[in-house]
Amino acid sequence: MSRIAAGCLLTFILCLGYYITPALVGGPRDQMVSNYVSYYMNNIINFGQASALGATLLIATLVLYWAYNHLVGIDKMKLG
């Protein structure tokens, strides 16, 4: 169970900053939050919307991190 949770958490966190990974995994018709942040920053120049989406993404990551720490424990994670 903890390995599945660690894999899911690692995959989610890695996909936060990458714009090409969600397109490769989900296809061109699926949109991820990071694609919307890029769209609002580069095309529409709406910094408020982009920062709101970025903050939402950060809060979701922190909630998942907290849930993983609460259920499994970060101290039990083995790196390497």
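Residues numbered from 1 in each chain as written. Predicted model: local features only at pLDDT ≥ 70, side-chain atom pairs only at ≥ 80, totals over all residues. Heavy atoms only, no water.

**Some details on the overall build of the chain**
For the chain, the helix and strand inventory stands at 4 helices and 0 strands. The 80 residues of the chain split such that 16% are buried. Looking at the chain alone, contacts between residues at least 24 apart form 37% of all its contacts between residues at least 6 apart. Carbon and sulfur atoms make up 67% of the accessible area of the chain, which amounts to about 6300 Å² in all. (Helix = DSSP H or I, 4+ residues; strand = E, 2+ residues; numbered from the N terminus. Buried < 20%, exposed > 50% of the residue type's maximum accessible area, 1.4 Å probe, protein only. Contact = heavy atoms within 4.5 Å. Areas by Shrake-Rupley, 256 points an atom, 1.4 Å probe, with all protein chains shown as cover.)

**Quick word on the environment of Tyr-40**
Tracing the backbone through its elements, the reader meets Tyr-40 in helix α3 (residues 33–44). Distance from Tyr-40 to Leu-53, taken between C-alpha atoms, is 9.5 Å for residues 13 residues apart in sequence. Setting aside residues no more than four positions away along its own chain, Tyr-40 makes contact with Ile-45, Asn-46, Gln-49, Ala-50 and Leu-53.

**Topic: helix α4 (residues 47–71)**
Helix length check: α4, at 25 residues, gives a terminal C-alpha distance of 36 Å against a target of 36 Å (1.5 Å per residue), a fit within 8%. Listing the buried residues of α4 in full gives Ala-50, Leu-53, Leu-57, Thr-61 and Tyr-68. Directly after α4, the chain includes Gly-73, whose backbone phi takes a positive value near 105°. (Expected span 1.5 Å × (residues − 1).)

**What to know about a nonpolar patch on the surface**
On the surface, Met-41, Ile-45 and Phe-47 cluster together to form a nonpolar patch covering roughly 300 Å² of accessible area. Following the sequence through the fold, Phe-47 ends up in helix α4. (Patch = residues over 30% accessible without salt bridge, like charges linked within 9 Å, V, L, I, M, F, W, Y side chains within 5 Å. Salt bridge = Lys/Arg side-chain N within 4 Å of Asp/Glu carboxyl O.)

**Looking at unusual backbone geometry**
A positive phi is found at Ile-45, a non-glycine position, where the angle reads about 60°. Position of Ile-45 among the secondary structure elements: in the loop between α3 and α4.

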